[in-house]
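# Architecture at a glance
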Amino acid sequence: MTAQREQRKAQMAAAAARRTGRSASPAGRTAIRSKPVRITLDLSPELYRKLTQWTDSAAVELDVPRVALADAMRAMIQVTADNPAEVLERLRRDRER
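Bear in mind that the values here come from a model prediction, so they are computed numbers and not experimental data. (Residues numbered from 1 in each chain as written. Predicted model: local features only at pLDDT ≥ 70, side-chain atom pairs only at ≥ 80, totals over all residues. Heavy atoms only, no water.)

Time to look at the overall build of the protein chain. Per the secondary structure count, the protein chain includes four helices and zero strands. Put simply, the protein chain runs from its N terminus to its C terminus through helices and strands in the order α-α-α-α. Within the protein chain, the fraction of its 97 residues that count as buried is 8%. On the protein chain, roughly 9600 Å² of surface is accessible, and the fraction owed to carbon and sulfur atoms is 54%. (Helix = DSSP H or I, 4+ residues; strand = E, 2+ residues; numbered from the N terminus. Buried < 20%, exposed > 50% of the residue type's maximum accessible area, 1.4 Å probe, protein only. Areas by Shrake-Rupley, 256 points an atom, 1.4 Å probe, with all protein chains shown as cover.)

What follows concerns the layout of surface pockets. Estimated volume of the largest pocket: approximately 980 Å³. Taken together, 19 residues form the lining of the largest pocket, with Leu47, Met76, Thr80, Val87 and Arg90 sitting closest to its centre. Looking at the lining of the largest pocket, the elements that each hand over two or more residues are helix H2 (45-62), helix H3 (69-82) and helix H4 (84-96). Looking at the lining of the largest pocket, the element that brings in the most residues is H3, giving six residues. Split by residue class, the lining of the largest pocket holds twelve nonpolar, two polar and five charged. The volume enclosed by the second largest pocket comes to roughly 570 Å³. Forming the boundary of the second largest pocket are 14 residues, of which Ile39, Ala70, Met73, Arg74 and Ile77 lie nearest the centre. (1 Å grid on protein atoms, 1.4 Å probe; cavity = no way out; pocket = protein on both sides within 12 Å on 5 of 7 lines; lining within 4 Å. Points joined across faces, edges and corners; volume = space filled by probe spheres on them. Nonpolar A, V, L, I, M, F, W, Y, C, P; charged D, E, K, R; others polar.)

Another point: the confidence of the model for the protein chain. Of the residues in the protein chain, 88% have a pLDDT of 70 or more, and the chain-wide mean is 88. At the low end of the mean pLDDT range in the protein chain sits helix H1 (residues 2-20), at 81; at the high end sits H2, at 97. (pLDDT = per-residue confidence, 0-100.)

A separate point is unusual backbone geometry. Residue aspartate 63 is not a glycine yet carries a positive backbone phi of 60 degrees. Checked against the element boundaries, aspartate 63 lands in the loop between H2 and H3. Residue classification places aspartate 63 among the exposed residues on the basis of a relative accessible area of 71%.

A rise of 1.5 Å per residue sets the reference length of H2, with its 18 residues, at 26 Å; its end C-alpha atoms lie 25 Å apart and thus fit the reference within 8%. Residues of H2 that are buried: Leu51, Thr55, Ala58 and Ala59. Looking straight down H2, one finds that the buried residues subtend no more than 105 degrees of arc, so they occupy a single side. Away from the buried face of H2 by more than 90 degrees, exposed residues Pro45, Gln53, Asp56, Val60 and Glu61 are located. Packed against the buried residues of H2 are H3. At the C-terminal side of H2, aspartate 63 shows a positive phi close to 60 degrees. (Expected span 1.5 Å × (residues − 1). Arc of directions from axis to C-beta. Contact = heavy atoms within 4.5 Å.)

A word on a nonpolar patch on the surface. There is a patch of nonpolar side chains on the surface, built from Leu41, Leu43, Leu47 and Tyr48 and spanning about 370 Å² of accessible area. Along the chain, leucine 41 falls in the loop between H1 and H2. (Patch = residues over 30% accessible without salt bridge, like charges linked within 9 Å, V, L, I, M, F, W, Y side chains within 5 Å. Salt bridge = Lys/Arg side-chain N within 4 Å of Asp/Glu carboxyl O.)

So this is what it looks like as structure tokens:
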């Protein structure tokens, strides 16, 4: 184990020296995530009914057969990001309960 540890230390030291040498290339940028991030959200039955009722009425308003829950949530997130004040106030009220 000790020999492996010493070998690993030497490898790390050599890599660090390469990064700081005069001929070292400039530090790169952190990779930008291109794969979507999946989240899971648990809703109470009442809140779920409200969401599905809203998407049903949105489908009628938009004259489309259906509005997917995911599409509705994405739109709501965008509106929230653009106008955070109302959402922050709602969060404050909910936390006071």
